[in-house]
Amino acid sequence: MSYIKNAYKYPYITDLINNGGGLSLEYIVDMKIIVFAFDEGGAIWQGKRSYASIEALLDDAEAGIKKWADERW
């Protein structure tokens, strides 16, 4: 099942979510992060402590997930 249909701007985030992974947006005090991406095996990418905008956060997540995918495959 495709949860995200329009993947033109964030294809790696889309692929991750459509294949059972996710992107969690929350502030974790002990880790000082606001976002992380995960798949069935656990966390695959961690974001920074803060972002100027949601778009900046998503751009960073896209780049991080792409790097993880490129290293994995």
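Small disclaimer: the values here were computed from a predicted structure and weren't measured. (Residues numbered from 1 in each chain as written. Predicted model: local features only at pLDDT ≥ 70, side-chain atom pairs only at ≥ 80, totals over all residues. Heavy atoms only, no water.)

### Structural notes on the layout of surface pockets
Looking at the largest pocket, its volume works out to about 170 Å³. Elements represented by at least two residues in the lining of the largest pocket include exactly α1 (11-18) and α2 (54-72). With four residues, α2 is the largest single contributor of residues to the lining of the largest pocket. Of the residues assigned to the lining of the largest pocket, the class counts are six nonpolar, one polar and four charged. (1 Å grid on protein atoms, 1.4 Å probe; cavity = no way out; pocket = protein on both sides within 12 Å on 5 of 7 lines; lining within 4 Å. Points joined across faces, edges and corners; volume = space filled by probe spheres on them. Helix = DSSP H or I, 4+ residues; strand = E, 2+ residues; numbered from the N terminus. Nonpolar A, V, L, I, M, F, W, Y, C, P; charged D, E, K, R; others polar.)

### Re α2
The end-to-end C-alpha distance of α2, which contains 19 residues, comes to 27 Å, matching closely the 27 Å that a straight helix rising 1.5 Å per residue would cover. Taken together, the buried positions of α2 are L57, A61, E62, G64, I65, W68 and A69. (Expected span 1.5 Å × (residues − 1). Buried < 20%, exposed > 50% of the residue type's maximum accessible area, 1.4 Å probe, protein only.)

### As for the environment of K9
Structurally, K9 is set in the segment before α1. On the basis of relative accessible area, K9 is assigned to the partly exposed category, the value being 36%. Counting along the chain gives 49 residues from K9 to L58, while the straight-line C-alpha distance between them is 9.6 Å. Contact partners of K9, with chain neighbours within four places excluded, come to E55, D59 and E62. A distance of 2.2 Å separates polar atoms of two side chains, one belonging to K9 and the other to E55. (Contact = heavy atoms within 4.5 Å. Polar contact = N/O pair within 3.5 Å; in protein donor to acceptor, adjacent residues only side chain to side chain.)

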